[in-house]
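Structural overview
Here is what each chain is made of, one letter per residue.
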Amino acid sequence: MAHLAGPTPELAAVRQALSVFGPTSRQEPLDWAGELPLAPELVRFYREVGPEWIEIDTAGLPFLFFPLERLWDEQAGYRWNPRTGALLVDWNDEWTVVAKQGPDPFILDGLTGKILTAPGEDGWEDRLEEPEPTFGSVEEMTLALTATGNAWARWDDPFDEDWNLRPETTASVVEAMEAVLGDHARAASVARKFGYFAAV
């Protein structure tokens, strides 16, 4: 995988997009506290993008990124039961939670490099099926989340008098995400996962 060898313009763009919302710094695998090896995609991501604690406002709960030294702890509740420490049977060793929106994780599949999320729009806790690929890489995920945050931030009043999202707010999020994903239908589908349920 030659693209893991060093920084690229794409990674520089991802870091710039993320740094609008919080601090970034170069972080090395020694900061990883996990019992399993850190996926090569995350070695690259934390070296060249390096999110610290970052919160991106959006509809509903914000998107959260974590520093590498904290990332293993954030697997609790997904990889293992936080009360008993018992491993959860429906979690694959190749999966790593890399970001969250409330209880809904964004999961790197170390076998494919893709980011998985709960299927449909019901969220992680109500899912009936296995998580599905949503983004092609952790970099694409980051650009989509930051695009959503930028679109959301443009609206001083994103809700109407009944506290429903204004159609123009949702449309601006879909438009911003489409610029990242390159496909309108896919952008609308992802926006609905993020809480923009009227996205079309």
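Computed from a predicted model, the values in this text were never measured in an experiment.

**Some details on the overall build of the protein chain**
From N to C terminus, the protein chain includes six helices and six strands. In terms of overall dimensions, the protein chain is globule-like: its C-alpha atoms have a radius of gyration of 17 Å, near the 16 Å expected for 200 residues. Once the C-alpha set of the protein chain is aligned to its principal axes, its extents read approximately 50 × 40 × 25 Å. Burial analysis of the protein chain (200 residues in total) assigns 47% to the buried set. Put simply, of all contacts in the protein chain between residues at least 6 apart along the chain, 51% involve residues at least 24 apart. As displayed, the protein chain offers around 10,100 Å² of accessible surface, 52% of which is attributable to carbon and sulfur atoms. In the protein chain, which carries 15 positive and 35 negative side-chain charges, the distance between the mean positions of the two groups comes to 4 Å.

**Points about the side chain of glutamine 27**
Position of glutamine 27 among the secondary structure elements: in the loop between α1 (9-19) and α2 (40-48). Beyond its immediate chain neighbours, meaning those up to four positions away, glutamine 27 contacts Tyr46, Arg47, Gly50, Pro51, Glu52, Pro67, Leu68 and Glu69.

**Observations concerning the nonpolar core**
Counting 46 residues, the largest nonpolar core has Phe65, Phe106, Phe135, Met141, Met177 and Phe194 as its most contacted members. By residue number, the principal contributor to this core is helix α4 (residues 138-153), which donates seven residues. Apart from residues lying up to four places away in sequence, phenylalanine 65 is in contact with Leu18, Phe45, Pro51, Glu52, Trp53, Ile54, Ile56, Val98, Ala99, Met141, Thr142 and Leu145.

**Concerning the packing of α2 against α4**
Taken N-terminus to C-terminus, the directions of α2 and α4 make an angle of 45 degrees; their axes are 10 Å apart at the nearest point. Our classification of the angle between α2 and α4 gives oblique. Seen from α2, the contacting residues are Glu41, Arg44 and Phe45; seen from α4, they are Val138, Glu139 and Thr142.

**Brief notes about the sheet that holds strand β3 (residues 95-101)**
Taken in spatial order, the six strands make up an open sheet running β1-β2-β3-β4-β5-β6, and their pairing is antiparallel. Looking along the sheet, the strands with just one partner apiece sit at the ends: β1 (54-56) and β6 (132-135). Strand after strand, the sheet turns through a mean of 40 degrees between neighbouring axes, direction not considered. The pairing of strand β4 (residues 104-109) with strand β5 (residues 115-117) spans two bridges and is antiparallel. The residue bridging isoleucine 107 from the neighbouring strand is leucine 116, located in β5. Sheet strands in contact with helix α6 (residues 184-193) are β3, β5 and β6, and its direction is about 110 degrees off that of β6.

**Considerations on the pairing of β4**
Within β4, five of the six residues are buried, leaving the element largely enclosed by the surrounding structure. Inspection of the sheet shows β3 paired to β4 by six bridges, in the antiparallel sense. Looking at β4, one finds that alanine 99 is bridged to phenylalanine 106. If you look at the hairpin formed by β3 and β4, you'll find two residues sitting between the two strands, and glycine 102 has a positive phi there, around 60 degrees. Between β4 and β5, which pair antiparallel in sequence order, lie five residues; one of them, glycine 113, sits at a positive phi of approximately 80 degrees.

How each quantity is defined
- Residues numbered from 1 in each chain as written.
- Predicted model: local features only at pLDDT ≥ 70, side-chain atom pairs only at ≥ 80, totals over all residues.
- Heavy atoms only, no water.
- Helix = DSSP H or I, 4+ residues; strand = E, 2+ residues; numbered from the N terminus.
- Rg over C-alpha atoms; globule rule 2.2 N^0.38 Å.
- Buried < 20%, exposed > 50% of the residue type's maximum accessible area, 1.4 Å probe, protein only.
- Contact = heavy atoms within 4.5 Å.
- Areas by Shrake-Rupley, 256 points an atom, 1.4 Å probe, with all protein chains shown as cover.
- Lys, Arg positive; Asp, Glu negative; His and termini not counted.
- Charge placed at Lys NZ, Arg CZ, Asp CG, Glu CD.
- Core = buried A, V, L, I, M, F, W, Y, C linked by side-chain atoms within 4.5 Å.
- Axes fitted to C-alpha atoms, helices over the stretch in contact; angles between N-to-C directions.
- Parallel < 35°, antiparallel > 145°, perpendicular 65-115°, else oblique.
- Pairing = 2+ DSSP bridges.

Read these as layout, nothing more, since geometry by itself doesn't imply function.
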